[in-house]
Amino acid sequence: MLLRLPTSLPEAQECLTDGAIPVGGATLVWAAWQRDGFPEQAVSLREVPEANVLGAGEVGAAVLLHRIDERVPEVLHRAASGVGTGAVRRAATVGGNIVGSTLRCLLPAALVLDAHAQVLAAEGPFEADLGELLAKKPLLLSLRWRDPLVSGYRKVAEAPGGPPPLVVATAVHADDHPVLRVAVRDGYEFLSESVPCSAGADSVLDVLSGTPIAALPAAAREMVREQVVSVLERAGGH
């Protein structure tokens, strides 16, 4: 297998035109390649500047998870710091986690940040929403968002060999009319809702009771309630 390391977007486009398969830290694809066979060419964005940005409302797809710190909102920082072991976080990338993984540990954070993706195709870079990113899986360059007023994140303890642990992510966006965004990972399923929150926690929880979140198991609904109350209390102090 030839691993290509472009240093610019035009070089990366050329790799895609030549049929190179995107690879990040290879923490997820290596076992599959060993089983099914290696591609002739792979391409990594680790030398492309646009894929290595971190902070100021953007994180690059080639950024290693262990580098994600207080320069990004709390919800994204905590999501990244909770992925796997330290060794995994020193190898795994943002792009691999969002696009190449079924666990998608960073996705709830991206959803509540209302993030948009900068992606690259053979024809050039363009912007895509998260739905298009997950459905079509183009080559991710970076995620961009507007910083929320406050955010929160909780992940239950993992059971070895069990299903993915429950995750609840929240963020309050200080628009003209404040909005609370909630995202839940329940097993391999993801739910997200956006609710006006100027009327307080009771009103928000009442609205959420009429959404698919109400169909979650009781323990998950209780965790959503706790996280909603907590993040709105913190937002009230700003």
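Before any of the text, the structure's been laid out above.
Structural notes, computed from the coordinates. Here the structure is a predicted model, which means the values were calculated and not measured. (Residues numbered from 1 in each chain as written. Predicted model: local features only at pLDDT ≥ 70, side-chain atom pairs only at ≥ 80, totals over all residues. Heavy atoms only, no water.)

**A few points about the sheet that holds strand S1 (residues 2–4)**
Stated formally: Here, strands pair whenever DSSP counts at least two bridges between them. Working definition: helices are DSSP H or I runs of at least four residues, strands are E runs of at least two. Numbering for both runs from the N terminus.
The strand order S1-S3-S2 describes an open sheet built from three strands, whose pairing is parallel. Across the chains shown, the open sheet's two edge strands, defined by having one partner strand only, are S1 and strand S2 (21–22). Relative to strand S3 (residues 41–43), S2 runs parallel, the two sharing two bridges. Bridging across to S3, Pro22 finds its partner in Val43.

**Looking at the sheet that holds strand S10 (residues 167–173)**
The test is simple: A fitted line through C-alpha atoms serves as each axis, taken over the contacting stretch for helices, and the angle formed by two N-to-C directions is quoted from 0 to 180°. Two residues form a contact once any of their heavy atoms are found within 4.5 Å.
Overall, antiparallel pairing links the four strands, which are arranged S9-S10-S11-S12 in an open sheet. Two strands lie at the open edges of the sheet, namely strand S9 (150–155) and strand S12 (189–196), each paired on one side alone. Averaged over all pairs of adjacent strands, the angle between their axes in this sheet comes to 10 degrees, without regard to strand direction. Where strand S11 (residues 179–186) meets S12, eight bridges bridge the pair, whose relative direction is antiparallel. Its bridge partner being in S12, Ala183 is matched across the sheet by Ser192. In the packing of helix H3 (residues 74–81) onto the sheet, contacts are made with S9 and S10, and the angle to S9 comes to roughly 25 degrees. Across the sheet, helix H9 (residues 218–236) touches S9, S10 and S11, and the angle it forms with S9 is around 155 degrees.

**A look at the pattern of salt bridges**
Stated precisely, the cut-off is as follows: A carboxyl oxygen of Asp or Glu within 4 Å of a side-chain nitrogen of Lys or Arg is what we treat as a salt bridge. Buried residues are those whose accessible area, probed at 1.4 Å on protein chains only, stays under 20% of the maximum for their type, while exposed residues exceed 50% and partly exposed ones sit between those limits.
Tallied over the full model, the rule gives nine salt bridges. Of the charged contacts, one joins Asp18 and Arg4 as a salt bridge, the two residues approaching to 2.9 Å between their closest N and O atoms. Of this pair, Asp18 sits in the loop between helix H1 (9–17) and S2 while Arg4 sits in strand S1, and the two are 14 residues apart along the sequence. Overall, the relative accessible area of 39% leaves Asp18 in the partly exposed class.

**Observations regarding the nonpolar core**
Where we set the bar: Each nonpolar core is a collection of buried residues, namely Ala, Val, Leu, Ile, Met, Phe, Trp, Tyr and Cys, held together in the definition by side-chain atoms within 4.5 Å.
Core analysis: the largest hydrophobic core is formed by 37 residues, its most contacted members being Val59, Ile68, Leu76, Val94 and Leu143. Going through the elements one at a time, H3, helix H5 (94–99), helix H6 (107–112), strand S6 (116–121), helix H7 (130–136), strand S8 (139–144) and S10 are the ones with two or more residues in this core. Ignoring any residue separated from it by four or fewer positions in sequence, one finds Leu76 in contact with Val59, Ile68, Leu106, Ala109, Leu113 and Trp145.

**Details of the pairing of S6**
In terms of residue burial, S6 counts as a mostly covered element, since five of its six residues are buried. Here S6 pairs with strand S7 (residues 124–129) via six bridges, running antiparallel. Paired with Ala117 across the strands is Ala128, a residue of S7. Relative to S8, S6 runs antiparallel, the two being bridged by five bridges. When the sheet's bridge partners are listed, His116 is paired in S8 with Arg144.

**Topic: the packing of helix H8 (residues 201–208) against H9**
Rules: Left-handed describes a crossing in which the near helix is turned anticlockwise from the far one by less than a right angle; the clockwise case is right-handed. Ten residues, namely Ala, Val, Leu, Ile, Met, Phe, Trp, Tyr, Cys and Pro, are considered nonpolar, four, namely Asp, Glu, Lys and Arg, are considered charged, and the remaining ones, Gly among them, are considered polar.
Interhelical geometry of H8 versus H9 gives an angle of 145 degrees and a closest axis separation of 10 Å. At the point where H8 passes H9, the crossing takes the right-handed sense. Each of Ala201, Val204, Leu205 and Leu208 in H8 lies in contact with H9, whose residues at this interface are Val224, Arg225, Val228, Val229 and Leu232. Taken together, the residues of the contact of H8 with H9 sort by class into eight nonpolar, no polar and one charged.

**Some thoughts on unusual backbone geometry**
The backbone phi angle of Ala56 is positive, close to 50 degrees, even though this residue is not glycine. For Ala56, a relative accessible area of 82% puts it in the exposed group. A positive phi angle, near 55 degrees, is found at Asp114, a position not held by glycine. In this fold, Asp114 is placed in the loop between H6 and S6.

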